[in-house]
Amino acid sequence: MAELREYKGVLHVHTAYSDSSGRMPYVVRCAKAAGLDYVVVSDHNTLQARREGWEGWHDGVLLVIGVEVTSSRGHALVLGLDRCPRWRHAHPDEYLPEVERMGGTAFISHPERSERGKLYRRPQAWPDLRTDSYAGIEIWSYMHDWVDWAYPWHLIAALRDPDAGIIGPHPEVLRKWDRVALRRRISGVGALDAHELRFPVPCLKWSLLKVLPLEYLFGTVRTHVLLPEWSGDAAADAAALRDALAAGTCFTAYDFVGDSTGARFEARRAGQIAVMGDEAAARGDLEFAVKVPQEAEIALLRNSEVVANAKARELRHRDARPGVYRAEAHLGNRPWIFTNHTYVR
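So, here is what we can say about the structure in this document. Just so it is clear, the structure is predicted and the values come from calculations on it, not from any experiment. (Residues numbered from 1 in each chain as written. Predicted model: local features only at pLDDT ≥ 70, side-chain atom pairs only at ≥ 80, totals over all residues. Heavy atoms only, no water.)

**Re the overall build of the protein chain**
A count of helical and extended segments in the protein chain gives 8 helices and 20 strands. By the compact-globule yardstick of 20 Å for 345 residues, the protein chain fits well, its C-alpha radius of gyration being 19 Å. Taking the principal axes of its C-alpha atoms as reference, the protein chain extends roughly 60 × 45 × 40 Å. For the protein chain, with 345 residues in total, the buried portion stands at 57%. Relative to all contacts within the protein chain whose residues are 6 or more apart in sequence, the contacts with residues 24 or more apart total 68%. A total accessible area of about 14800 Å² is found for the protein chain, and carbon and sulfur atoms account for 51% of it. Between the centroid of the 44 positive side chains of the protein chain and the centroid of its 45 negative side chains there is a distance of 2 Å. (Helix = DSSP H or I, 4+ residues; strand = E, 2+ residues; numbered from the N terminus. Rg over C-alpha atoms; globule rule 2.2 N^0.38 Å. Buried < 20%, exposed > 50% of the residue type's maximum accessible area, 1.4 Å probe, protein only. Contact = heavy atoms within 4.5 Å. Areas by Shrake-Rupley, 256 points an atom, 1.4 Å probe, with all protein chains shown as cover. Lys, Arg positive; Asp, Glu negative; His and termini not counted. Charge placed at Lys NZ, Arg CZ, Asp CG, Glu CD.)

Take a look at the structure:
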């Protein structure tokens with residue numbers, strides 16, 4: 001296996017091509033300032049940014065142009081499409097197989113059901129789908145986490161301090177994600193669902209008020225991807241990123257509370273190493289190793305149940321049982337790192 005490098009970026013960013021205020025040069029500037037390696041833009045039902053040539057390398061940042069299929073019956077973040085048919089009222093069971101036939105890679109968007117705020121009712125079809133034509137799900141959607149707490153009771157406080165009500169991935173989403181992983185591979189990614197709003201005039205560079213500006217959001221929920229070193233060829237590097245996200249060779253981190261660069265989750269046996277997204281045979285003991293860059297509350301989970309934990313920078317645990325294993329880390333009682341699965345079959 002080629003040596004894997006770590007690249008950090010953000011997924012599910014909206015721009016002025018749909019319903020956000022930021023234009024593409026602004027997205028690049030914010031990404032560069034935040035130290036990101038990549039940004040996945042996914043405007044609603046449009047690939048206009050791709051048609052205008054924005055996919056590729058810009059000032060050291062890889063822009064990947066996907067699309068959020070925005071149906072009244074459930075949304076999905078899709079990568080790899082050249083066109084986006086009108087699926088505005090199609091059920092995901094209908095449009096996801098079509099996305100797959102067209103060569104696209106789909107991630108179910110913001111699958112959590114709101115239990116807090118009442119801003120609007122989200123159509124949700126996952127996990128009660130008949131189709132398996134999707135690579136993964138957004139295990140954490142920052143904007144929905146924020147909205148559920150902010151509206152309507154805490155809106156002023158949430159504008160002043162967006163982090164105040166952030167609680168992390170919904171536990172039921174994580175449990176259902178683990179349940180699907182027991183029967184097939186399914187990736188989990190972190191997402192922003194970034195919609196920067198500016199008041200009083202959205203199109204002006206300078207505004208009296210910005211709601212969840214990209215300068216802030218790009219430092220919050222990130223997806224760190226492990227893959228061979230990029231070549232500099234935009235098409236090849238975008239394809240490699242898409243494949244790694246689909247394979248689950250990545251972890252989600254709330255870098256706002258601490259830089260997670262260097263975190264790792266591996267399963268080891270006799271010199272063999274299985275990384276996130278890999279399968280390992282259920283024979284003999286595997287040693288699971290979790291490393292994080294600073295002391296944190298680390299938990300190793302098997303089939304949603306904690307099998308080992310420690311307050312440390314490293315956790316090691318031997319286990320011979322089949323199942324789906326992943327790791328979580330909390331920093332100062334705040335959600336921090338959520339890895340993808342290693343599948344022990």
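**What about the pairing of strand β17 (residues 305-319)?**
Alignment of strand β16 (residues 286-302) against β17, held across 13 bridges, turns out to be antiparallel. Bridge pairing links alanine 289 to arginine 316 in β17. Remark: 2 residues form the turn of the hairpin made by β16 and β17, two consecutive strands paired antiparallel; asparagine 303 in that turn has positive phi of roughly 50°. (Pairing = 2+ DSSP bridges.)

**Examining the pattern of salt bridges**
Scanning the entire structure with this criterion turns up 22 salt bridges. A salt bridge links arginine 5 to glutamate 229, with the shortest nitrogen-to-oxygen separation between them at 3.2 Å. With arginine 5 in strand β1 (residues 5-13) and glutamate 229 in the loop between β11 (221-227) and α8 (234-247), this pair connects stretches of sequence that are 224 residues apart. For glutamate 229, a relative accessible area of 54% puts it in the exposed group. Between lysine 210 and glutamate 215 there is a salt bridge, and its shortest N-O distance comes to 3.5 Å. Its relative accessible area of 45% is what places glutamate 215 among the partly exposed residues. (Salt bridge = Lys/Arg side-chain N within 4 Å of Asp/Glu carboxyl O.)

**A few points about unusual backbone geometry**
A positive phi angle is found at histidine 110, which is not glycine, with a value near 30°. Looking at the element boundaries, histidine 110 is found in the loop between β6 (105-108) and β7 (136-141). For leucine 212, which is not glycine, the phi dihedral falls at a positive 50°. The topology assignment puts leucine 212 in the loop between β10 (209-211) and α7 (214-217).

**Things to note about the packing of aromatic side chains**
For the structure on display, the rule yields 11 aromatic pairs. Taken together, a centroid distance of 6.0 Å and an interplanar angle of 80° make the contact between tryptophan 140 and phenylalanine 338 edge-to-face. With tryptophan 140 in strand β7 and phenylalanine 338 in strand β19 (residues 334-339), this pair connects stretches of sequence that are 198 residues apart. The exposure classification of tryptophan 140 matches that of phenylalanine 338, with both residues buried. (Phe/Tyr/Trp six-rings, centres within 6.5 Å; stacked < 30°, edge-to-face > 60°.)

**Overview of the nonpolar core**
In terms of nonpolar packing, the biggest core is built from 62 residues, with Val39, Trp126, Tyr142 and Phe218 touching the most fellow members. Once residues within four sequence positions are removed from consideration, phenylalanine 218 is found in contact with Val10, Val13, Val27, Cys30, Ala31, Ala34, Leu36, Val39 and Leu192. Met276, Leu315, Tyr325 and Ala327 belong to the second largest nonpolar core, which has 25 residues in total. (Core = buried A, V, L, I, M, F, W, Y, C linked by side-chain atoms within 4.5 Å.)

**Things to note about the environment of serine 231**
Residue placement: serine 231 occurs in the loop between β11 and α8. If we skip the residues at most four places from it in the chain, serine 231 touches Ala236 and Asp237. There is a polar contact of 3.1 Å between the side chain of serine 231 and the backbone nitrogen of aspartate 233. (Polar contact = N/O pair within 3.5 Å; in protein donor to acceptor, adjacent residues only side chain to side chain.)

**A short note on the pairing of strand β18 (residues 323-331)**
Buried residues dominate β18, accounting for 8 of its 9 residues. Strand direction decides the pairing type here: β16 and β18, joined by 6 bridges, are antiparallel. Opposite alanine 299, over in β18, you have glutamate 328 as the bridge partner. Pairing analysis gives 4 bridges linking β18 to β19, with the strands arranged antiparallel. Bridged to alanine 329 within β19 is isoleucine 337. The turn joining β18 and β19, which pair antiparallel and follow one another in sequence, is formed by 2 residues; a positive phi near 60° is taken by glycine 332.

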